[in-house]
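Secondary and tertiary structure notes
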Amino acid sequence: MAIFSVYVVNKAGGLIYQYDNYVPRSEVEKTFSYPLDLVLKHHDEKVIVSFGQRDGIKVGHALLSINGVDVIGKNTADGKDTLEYLKDPANYPVSIRFGRARLSSNEKLMLASMFHSLFAIGSQLSPEVGSSGIEMLETDVFKLHCFQTLTGIKFIVLADPRQSGIDALLKKIYEIYSDFALKNPFYSLEMPIRCELFDQNLKSALEVAEKAGNFGAGS
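Residues numbered from 1 in each chain as written. Predicted model: local features only at pLDDT ≥ 70, side-chain atom pairs only at ≥ 80, totals over all residues. Heavy atoms only, no water.

Stated formally: UniProt positions are given in the numbering used here, feature names are shortened, and annotations may be inferred rather than shown by experiment.
Identification of the protein as Trafficking protein particle complex subunit from Oryzias latipes is taken from an unreviewed UniProt entry. In the Sequence similarities (unreviewed entry) part of its UniProt record, the protein is described as follows: "Belongs to the TRAPP small subunits family. TRAPPC4 subfamily."

1. Topic: helix 4 (residues 196–212)
Filter applied, for reference: Elements are defined by DSSP. Helices are runs of H or I of four residues or more, strands are runs of E of two residues or more, and each kind is numbered from the N terminus. Given the number of residues in a helix, its expected span is that number minus one, multiplied by 1.5 Å. Relative accessibility thresholds used throughout: buried, under 20% of the residue-type maximum; exposed, over 50%; partly exposed, between the two (1.4 Å probe, protein chains only). Each direction from the helix axis to a C-beta atom contributes to the arc, which is the arc of those directions. The contact definition used throughout considers only heavy atoms, calling two residues in contact when any of these lie within 4.5 Å.
Between its first and last C-alpha atoms helix 4 spans 24 Å; for 17 residues at 1.5 Å apiece the expected length is 24 Å, and the two agree. When helix 4 is considered as a whole, its buried residues turn out to be Phe 198, Leu 202, Ala 205, Leu 206 and Ala 209. The buried side chains of helix 4 occupy one side of the element, clustering within an arc of 100 degrees when seen end-on. Away from its buried face, by an angle of more than 90 degrees, helix 4 presents the exposed residues Glu 196 and Lys 211. Residues of helix 4 that are buried in the fold lie against strand 1 (3–9), strand 2 (15–20) and helix 3 (166–182).

2. Things to note about the pattern of salt bridges
Basically, it comes down to this: Whenever Lys or Arg places a side-chain nitrogen within 4 Å of a carboxyl oxygen from Asp or Glu, that contact is recorded as a salt bridge.
Inspection of the entire model under this criterion finds 11 salt bridges. Note that Arg 97 and Asp 70 form a salt bridge whose closest N and O atoms lie 3.4 Å from each other. Placement of the pair is Arg 97 in strand 9 (residues 94–99) and Asp 70 in strand 7 (residues 69–72), with a sequence separation of 27 residues. In this structure, Lys 183 and Asp 179 form a salt bridge, with 3.3 Å as the shortest nitrogen-oxygen distance. When its relative accessible area of 32% is taken as the criterion, Asp 179 is described as partly exposed. Each of Glu 27, Asp 70 and Arg 97 takes part in salt bridges that share partners, so that together they form one network.

This is the structure in structure tokens:
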């Protein structure tokens, strides 16, 4: 069981905090000979597989490294254009690592804003007045849990579907936010949270939740 990530969204729908606690490793590294039997293309500032699947490499997977050198956007870390490099037969055999595309900071901001809108839609669709909005979304590989405070701040946790104690964890994160962000004289409401004590206590709370499954009295 695992807790994947934590998001904090302000009442306007802006992402003010995000922490990746555990990212599942779904990467595949293979050595290829020329010509490359996968079709690659640029998409959203990444190089992804657009056609062809083999050995765990799937359409939509991003190119993460070439010969151990990380790929950043469309180029390798040492400045080579990725697609041009892979077109040259002289560069083969070549070791390529593929995996799930990592979300950029802009994509995380956009997704937080989209969830804020979905939350509002959920409240409006309710047949009863005073709906709490979306509290949980479930997929086959994770659950999204959301707790909204009276002031409109949303605390969102993505976790393994089998992980227990998430409701208690959300309230614990709210407590940490109140103690180490709101009481920080240098913190401004609705602005990004940059506080070392908040980070440290959040990480400790996630560790406790993963090991124990919940929070006992006085935790």
